[in-house]
Amino acid sequence: MKETPTIAVVMCTYNGERFLREQMDSILAQTYPIAEIIVQDDGSTDNTVNILRQYAERVPQMQIHVNEKNLGFNRNFHTACLRATADYIAISDQDDVWMPNKLERQIEAIGPCNICYSTHLRGRDRTTAHTVAPRCNLEAMLFTGIAGHTMIARRDFIQRPESWTNDRIVYDWSLALNAYFFRQPNAIVRVDEPLNWHRSHDGAAAKHCGVWRAETHHMATLRVWSAQLSRPAAQTQLASGI
């Protein structure tokens with residue numbers, strides 16, 4: 001009998017007390033069982049860690065790790081993902097809201113792919129939020145990437161050192177790029193329904209993470225692309241027009 005794949009939810013927090021409870025509640029309301037909830041805090045000075053500990057008291061599969069020093073957006077997610085032991089890793093922001101069937105739909109869809117992502121809602125208010133549907137072809141990978149908060153990924157892919165580039169390119173863009181070039185036989189699959197609400201607000205971590213300069217991203221992206229072109233699998237993909 002085939003075993004049910006296990007999922008770890010990995011969340012990184014930093015001064016997220018304002019919306020954290022709503023996101024935690026949406027994770028705990030998932031229709032698919034969660035084997036691990038790994039939360040790594042990057043030195044919050046508000047009530048974030050206390051809120052997390054309140055949840056951990058009643059959620060036995062929940063782990064809380066508090067960094068001794070601030071690692072920053074990328075390194076915090078990277079090191080947190082390395083703690084997971086489940087088959088798949090679902091990445092979580094601290095201020096989103098997940099639809100109840102998010103994990104169930106994504107585990108159904110991922111198949112042999114490295115990453116499954118979904119369309120999502122984005123906006124300050126859920127009732128007026130618009131749907132965002134990023135593409136996952138080569139052109140999109142080079143210049144935009146895929147939002148990490150919509151991802152579920154194979155642990156054996158996401159924990160590869162090669163899947164993370166460096167701190168000059170945001171982690172989710174790096175994962176998407178490397179998934180594209182390492183696909184065996186497919187890189188990425190999309191679920192075409194919004195499975196989470198990505199809340200827009202002035203305190204969002206992405207606005208303050210210090211790595212959002214477009215020219216820096218594009219140069220880092222091209223370096224990843226150039227490095228991967230020497231790999232036989234990448235050459236085959238490009239030659240076939242994939």
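Everything below is about the structure printed above this text.
Residues numbered from 1 in each chain as written. Predicted model: local features only at pLDDT ≥ 70, side-chain atom pairs only at ≥ 80, totals over all residues. Heavy atoms only, no water.

(A) View of the overall build of the protein. The secondary structure content of the protein amounts to nine helices and eleven strands. Relative to its full complement of 242 residues, the protein shows a buried share of 51%. For the protein, the share of sequence-separated contacts (at least 6 apart) that also reach a separation of at least 24 residues comes to 80%. Accessible surface computed for the protein: about 11,400 Å², of which carbon and sulfur atoms make up 51%. (Helix = DSSP H or I, 4+ residues; strand = E, 2+ residues; numbered from the N terminus. Buried < 20%, exposed > 50% of the residue type's maximum accessible area, 1.4 Å probe, protein only. Contact = heavy atoms within 4.5 Å. Areas by Shrake-Rupley, 256 points an atom, 1.4 Å probe, with all protein chains shown as cover.)

(B) Summary view of unusual backbone geometry. With a phi close to 50°, Asn15 is a non-glycine residue in the positive phi region. Inspection of the secondary structure assignment puts Asn15 in the loop between strand 1 (7-13) and helix 1 (20-28).

(C) Quick peek at the packing of aromatic side chains. On inspection of all chains with the given rule, the structure shows four aromatic pairs. For the pair Trp164 and Tyr171, a centre-to-centre distance of 6.1 Å together with 20° between the ring planes defines the contact as stacked. Judged on exposure class, the residue Trp164 and its partner Tyr171 are both buried. Members of the aromatic cluster, joined through ring pairs, are Phe73, Phe77, Trp164 and Tyr171. (Phe/Tyr/Trp six-rings, centres within 6.5 Å; stacked < 30°, edge-to-face > 60°.)

(D) Main features of the pattern of salt bridges. Taken as a whole and judged by the stated rule, the model has six salt bridges. Across the pair Arg105 and Glu193 runs a salt bridge, and its minimum N-O distance is 2.8 Å. You can see Arg105 sitting in helix 4 (residues 102-109) and its partner Glu193 sitting in the loop between strand 10 (188-191) and strand 11 (196-199), a full 88 residues away along the chain. Note on Glu193: relative accessible area 26%, which makes it partly exposed. Between Asp156 and Arg154 there is a salt bridge whose closest N-O contact spans 3.5 Å. By relative accessible area, which is 54% here, Asp156 ends up exposed. Given the relative accessible area of 23%, Arg154 is considered partly exposed. It is possible to trace a salt-bridge network through shared partners that takes in Arg105, Glu108 and Glu193. (Salt bridge = Lys/Arg side-chain N within 4 Å of Asp/Glu carboxyl O.)

(E) Up close: the environment of Leu121. Note that Leu121 resides in strand 7 (residues 120-123). For Leu121, a relative accessible area of 15% corresponds to the buried category. Taking the C-alpha atoms as reference, Leu121 lies 9.9 Å from Ser200; in sequence the two are 79 residues apart.

(F) Broad picture of the nonpolar core. Judged by nonpolar contacts, the single largest core of 36 residues is most densely connected at Ile91, Ile115, Met141, Ile158, Leu175 and Ile188. Elements with a contribution of two residues or more to this core: strand 1, helix 3 (73-81), strand 4 (88-92), strand 6 (115-118), helix 5 (138-143), helix 6 (155-158) and helix 7 (171-181). For this core, the leading source of residues is helix 7, giving eight residues. When near neighbours in sequence (up to four residues on either side) are disregarded, Leu175 contacts Ile91, Ile115, Met151, Phe157, Ile158, Ser163 and Trp164. Leu52, Met62, Cys113 and Ile152 belong to the second-largest nonpolar core, a separate cluster that totals 26 residues. (Core = buried A, V, L, I, M, F, W, Y, C linked by side-chain atoms within 4.5 Å.)

(G) Spotlight on the packing of helix 1 against helix 2 (residues 48-56). Running from amino to carboxyl end, helix 1 crosses helix 2 at an angle of 25°, the nearest separation of the two axes being 11 Å. In this view, helix 1 runs roughly parallel relative to helix 2, as classed from their interaxial angle. In this structure, the crossing between helix 1 and helix 2 has a hand that is right-handed. Within the contact between the two elements, helix 1 uses Leu20, Arg21, Met24, Asp25 and Leu28 and helix 2 uses Thr48, Ile51, Leu52, Gln54 and Tyr55. (Axes fitted to C-alpha atoms, helices over the stretch in contact; angles between N-to-C directions. Parallel < 35°, antiparallel > 145°, perpendicular 65-115°, else oblique. Left-handed = near helix turned anticlockwise from the far one by under 90°.)

(H) Helix 1, seen in detail. Here helix 1 has its buried residues at Leu20, Gln23, Met24, Ser26 and Ile27. On an axial view of helix 1, the arc spanned by its buried residues comes to 160°, and they lie on one face. (Arc of directions from axis to C-beta.)

(I) Up close: the sheet that holds strand 9 (residues 152-154). Strand order in the open sheet formed by seven strands is 3-2-1-4-9-6-10, and the pairing between neighbours is mixed. Lying at the two open borders of the sheet, with one neighbouring strand each, are strand 3 (62-66) and strand 10. Neighbour to neighbour, the strand axes of the sheet diverge by 20° on average, direction disregarded. Bridge count between strand 1 and strand 2 (residues 36-41): six bridges; the pairing is parallel. Note on strand 2: the bridge partner recorded for Val10 is Ile38. (Pairing = 2+ DSSP bridges.)

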